Amino acid sequence: MVTLYLAQIVNSGLALGAVYGIMALGFSLIYNSSRLINFAQGELLLLGGLTLFSLSQAAHLGPLTALLAAGGCGYLLGRLLFATTLGLSINASPLRQLMLTVAASLCWQGVAILVWGKNPLLLPQLLPIPELRAGPIFLSRDTATALTLAVCSVLVLSLILGYTRIGRAIRAVSMNAVAARLQGVNPTTCRALSFAMAGALGALAAMAVGPQTMLRYDMGLGIGLKGFVAATIGGYTSLWKVFFGGLALGALEAVLVLVFSGELKETVTYALLILLLILAPHAGGHGERS
Amino acid sequence: MKPRNYRKAVILFFLVLAALGFVLPSYQLLAFNQHLFLAINVLALNFCLGLGGQISLAQGAFAGLGAYGSVILHGFFPGASPLIVPVCAGGAFLAAALLSLPMERLGEGFLAMATLGVSLIFTNLILTFDGLTGGSAGLMVSAPLVIPGVGEVSGDREYFLLFLGLLALGAYVFLSLRKSRLGRALQACKDDPPAASSCGVNRPMVRALAFGLGAALSALSGVLYGHYSGFISPEQYGLELSLMALLFLVIGGPGNLMRPILAALVLETALGQMHFLGDARTLCNGLLLGAALLLGYWRESKGKPLLPGL
């Protein structure tokens, strides 16, 4: 009985935790390159997923085409988000940039309502990944897909950031934009690219979360905030830590659901967020930059 | 405008609104009261964003705190309004100030996320303790608001005057605060936080005060609105209220007194007429907010060098 409970916690915790992990990666990418908290992160997932839904209705998507389509739409959505928020206000005060992402989040949600309606839509499972059984551990198809997607995105992302020229440029900008500029790196390009990568990650997260919880016009803020909590747990600096922050958050939620039947789940999660923000001395915790 | 003329204009504005309240038929006051409720919340957000430069997405939660607190307490002690209303306002003030004290040093983005968390925590708590709060089904208001010497308050016109009075009170406090020592300290915190600290401003404390004052004003508006509508539910005091308050404050310009209030009243009336918008309302709000932000930015940056430091 206890092992069954534990197996269920592991299964559902990993399924959502992987999604939070991917969202958290997008958050930290944008935060590190632009020092901006992106309120529209959840809407990147929402619109990416909805576009993918329409594509899968219009044509048969194989696994590879689905991945390419998700990456492509996400990339374009991220570029669009950059062009309409930070790209227009690169020298504005951080508060104004932040509120612009709030405005973008409202606009995108409005578009989702107008185009796809207010009913939840079920994104079909697009990747042929089987369920896994190893002794007491059981991973359902959704969980296995989410985990695979998440681990692959962390791997690909760390390869890009660590070994390519443009990845190194992005890291240089996140360390010191002025110095990077003096070395011939264009910070704006790098920031736009980090938005685009966050968008692609959002679309991949939608592929993982769509079959689990369906896509609804008002899911963006909630899931974006969960990704933010995960990024805060992970500390924004290392890709793997941020990803494991997501897994930890997913596991915590699963435990809360099983122990307290999930009623106070949100309260505990967000209270944890506020506590972490106040207590943890990470880079953003002391927000005064000159 | 000279300060004296400005004050005269403000007083005139409130007199005209009060006169409107006596002239208009009471069914039209229904919509007007809702707009006034929103305008009070815009003013409340102005205390922390306009004066102190701190964003808050928890304004709806504080209004809800007032509404739920007052309705539940009135259920236990009907007729004790003179005690309950100050308790609600004071409770919201304390809760907000205590929340704001440790969060002050978070900086814009993290503070916004934390207050968003506060707002979602409030909704979740209301939904969880459904024995007390009615949960998602909402709560019928059992006892009316009682003003000593006047009696029970009911009817659109009476509530219109109360809403207007609260707005005027908030405006008075805002104006006197802006000119006071505390207001200048807040202005310093907004313009340059490190410089303010090094001049001896106790930054967490002054900002907590502004945050608390805004929350108390929101809570009072929530008390009125809860008893006025006769029914309270979590959606009325959710994130949407906070976002709308932010929208109109940004359109009017944070730190100004009358322009955000006018923006809320005029635009909300105009948008209320446009039923054809329907589902496009969210998109419209987003576009309005974005346009206001960008216009403000372009106006500010006119004449400045394109890159700071060059």
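Draft legend 1. Fine view of the overall build of chain B. Of the regular secondary structure elements, chain B holds 13 helices and four strands. Taking 2.2 N^0.38 as the reference for a compact globule, 310 residues should give roughly 19 Å; the C-alpha atoms of chain B span a radius of gyration of 20 Å, in line with that estimate. A principal-axis box enclosing the C-alpha atoms of chain B has dimensions of 65 × 40 × 40 Å. Out of the 310 residues in chain B, the part that is buried amounts to 53%. Side-chain charges of chain B comprise 18 positive and 13 negative groups, with the mean position of each set lying 19 Å from the other.

Draft legend 2. Local environment of the interface of chain A and chain B. Each side of the interface is counted separately: chain A has 47 residues, and chain B has 48 residues. Summing both partners gives a buried area of about 4200 Å² for chain A against chain B, and 76% of it is carried by carbon and sulfur. Connecting chain A to chain B are one salt bridge. The salt bridge involving Lys118(A) is made with Asp279(B); its shortest N-O contact spans 3.9 Å. Scanning the region where chain A abuts chain B turns up three residue pairs in polar contact (both at pLDDT 80 or more).

Draft legend 3. Representation of helix H4 (residues 94–116) of chain A in the model. Taking 1.5 Å per residue, 23 residues should reach 33 Å; H4(A) reaches 33 Å between its end C-alpha atoms and fits that length. Where H4(A) ends, the next residue or the one after it, Gly117(A), has phi of about 80°, a positive value.

Draft legend 4. View of unusual backbone geometry. Residue and element names in this part refer to chain A. Although it is not a glycine, Arg 35 adopts a positive phi angle of roughly 55°. Of note, Arg 35 is situated in the loop between helix H1 (2–34) and helix H2 (41–58). The phi torsion at Tyr 236 lies on the positive side, around 65°, for a residue other than glycine. Note that Tyr 236 resides in the loop between helix H9 (220–234) and helix H10 (239–260).

Draft legend 5. The environment of Gln125(A), seen in detail. Residues and elements named next belong to chain A. Looking at the element boundaries, Gln 125 is found in the loop between H4 and strand E1 (132–134). Judged by relative accessible area, which is 22%, Gln 125 ranks as partly exposed. Residues Gln 125 and Pro 63, spaced 62 residues apart in sequence, show a C-alpha to C-alpha distance of 9.5 Å. Engagement of the side chain of Gln 125 in a polar contact is seen with the side chain of Asp 142, the distance being 2.8 Å.

Draft legend 6. Quick peek at the layout of surface pockets. When its volume is computed, the second largest pocket comes out at roughly 1500 Å³. Every residue lining the second largest pocket is counted, 47 residues in all, and those nearest its centre are Asp218(A), Met219(A), Leu221(A), Gly222(A) and Leu239(B). Elements with a minimum of two residues in the lining of the second largest pocket: H1, H4, helix H8 (187–213), H9 and helix H11 (265–279) of chain A together with helix H5 (108–128), helix H11 (239–252) and helix H13 (281–301) of chain B. Taken together, the residues of the lining of the second largest pocket break down into 23 nonpolar, 12 polar and 12 charged.

Basis of the calculations
Residues numbered from 1 in each chain as written. Chains lettered and ligands numbered in written order. Predicted model: local features only at pLDDT ≥ 70, side-chain atom pairs only at ≥ 80, totals over all residues. Heavy atoms only, no water. Helix = DSSP H or I, 4+ residues; strand = E, 2+ residues; numbered from the N terminus. Rg over C-alpha atoms; globule rule 2.2 N^0.38 Å. Buried < 20%, exposed > 50% of the residue type's maximum accessible area, 1.4 Å probe, protein only. Lys, Arg positive; Asp, Glu negative; His and termini not counted. Charge placed at Lys NZ, Arg CZ, Asp CG, Glu CD. Contact = heavy atoms within 4.5 Å. Buried area = accessible area lost by both parts, 1.4 Å probe. Salt bridge = Lys/Arg side-chain N within 4 Å of Asp/Glu carboxyl O. Polar contact = N/O pair within 3.5 Å; in protein donor to acceptor, adjacent residues only side chain to side chain. Expected span 1.5 Å × (residues − 1). 1 Å grid on protein atoms, 1.4 Å probe; cavity = no way out; pocket = protein on both sides within 12 Å on 5 of 7 lines; lining within 4 Å. Points joined across faces, edges and corners; volume = space filled by probe spheres on them. Nonpolar A, V, L, I, M, F, W, Y, C, P; charged D, E, K, R; others polar.

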